[in-house]
Amino acid sequence: MLFNENKIRFFDELNSTNEYASQISFEPNIEEGFIVWTLNQTKGKGQKGNIWQSENAKNLTFSVILKPHKILPAKQFNLNMAVSLSLIDFLKSLLPENNVFIKWPNDIYVEKKKIAGILIENQIIGNEIENSIIGIGLNVNQNKFPNEIPNPISLNIISLINYNLNEILLKYLPFLNNRIIQLYNIDFKKLKSDYLNCLLYFDELKQFKIKNEIINAKIIDINEYGKLVLITDNQIIHECDLKEVEFIHN
Ligand code: BTN
C-alpha cells in the first residue's frame, strides 16, 4: 500500500494542508504517499482561487503527496480522474444508494449536492510531475453550512451517523491506493470510461455559459487534456477548460 497510517502527519490547525504539503514535498525524507491532515484550516484553498470553508473538527481536510513521475504533464487529467473515482468508490461503499456522481472536473456530488472537493496542485519540473499535492475536503459531520456555500451535503446529513474522522480517513486510503495503481499501470481507458459513467449531466441538455453567452448543450466527452466537450443543439462543438465554462445550474 502506498498509503498507511504511519505516513500521516496530523495537526490540530494549519493554514492549508495543500500549502504545508507543498512546502515539505521536496524534503528528502518525505516519501510518496505522505499525508498531511488537520482538523481546522484557517486558509483552506478551493478551486479557481476560492476559499474552502469547513467547520472546525467536523470534516476531513487533508492532502496527499504523490510523485507521479511516470505520468507526463500533458496526461495529468488522468490523475484528477483517478482521485475523483477513488472518492466515488469509497462513497459507494459507505452509502446505500447508488447516487454519487462527479461534477466535472472533480467535484463529488450526492444527487445534486456537493459532498467533496478536490484541489490538485502539480509541481512540474522539465517534462515531469515532480510532486503532486492532492487536496481533499470531504464533508463528514457538519450539518449546518453558511448560506454562501451553494449546495452542500455531508455524510451526516445523509445517514445521521456521527463518524470518527480518523476511521473515515483510514477507510478511504485503500480506495485511493487502487485507483493510483490503475493510474500507474497507465490504464487510462478504464479510468476514462469509469469517469464518464459517473459524470453528472452526461448527455443531458443543460445550460452553460461560454464567453458571456448562455448556450443549451450536452456534455458528450472529456478530451485528453480534461477539457469538457459540449455539443450545442445546433451541433456546434465547444471544448472548454474550467475558466471558459460555467454551469448555469447546480
Ligand atoms: C474545491 O474548490 O472544490 C476544492 C476544495 C479542496 C479543499 C481541500 S481541503 C484540504 C486541501 N487543503 C486546501 O487548502 N484545500 C484542499
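Everything numeric in this text was worked out from a predicted model, so none of it was measured. (Residues numbered from 1 in each chain as written. Predicted model: local features only at pLDDT ≥ 70, side-chain atom pairs only at ≥ 80, totals over all residues. Heavy atoms only, no water.)

**What about the packing of aromatic side chains?**
Considering all chains together, one arrives at 7 aromatic pairs under this definition. A centroid spacing of 4.9 Å and a plane angle of 65° characterise the contact between F10 and W37, whose relative ring orientation is edge-to-face. Of the two residues, F10 sits in strand β1 (residues 8-14) while W37 sits in strand β2 (residues 35-41), which places them 27 residues apart along the sequence. For F10, a relative accessible area of 38% translates into the label partly exposed. Relative to Y195, the ring of F77 has its centre 5.7 Å away and its plane inclined at 80°; by these criteria the two rings are edge-to-face. Taken together, the residues span a long stretch of sequence, with F77 in helix α2 (residues 77-94) and Y195 in helix α5 (residues 188-197) at a distance of 118 residues. (Phe/Tyr/Trp six-rings, centres within 6.5 Å; stacked < 30°, edge-to-face > 60°. Helix = DSSP H or I, 4+ residues; strand = E, 2+ residues; numbered from the N terminus. Buried < 20%, exposed > 50% of the residue type's maximum accessible area, 1.4 Å probe, protein only.)

**Looking at unusual backbone geometry**
The omega torsion of the bond from W104 to P105 falls at 0°, within 30 degrees of zero and hence cis. Here the phi dihedral of Y201 falls at roughly 70°; this positive angle occurs in a residue that is not glycine. Among the secondary structure elements, Y201 is positioned in the loop between α5 and β8 (206-210). One non-glycine residue, N212, lies in positive phi territory at about 65°. The residue N212 is located in the loop between β8 and β9 (213-222) in this model.

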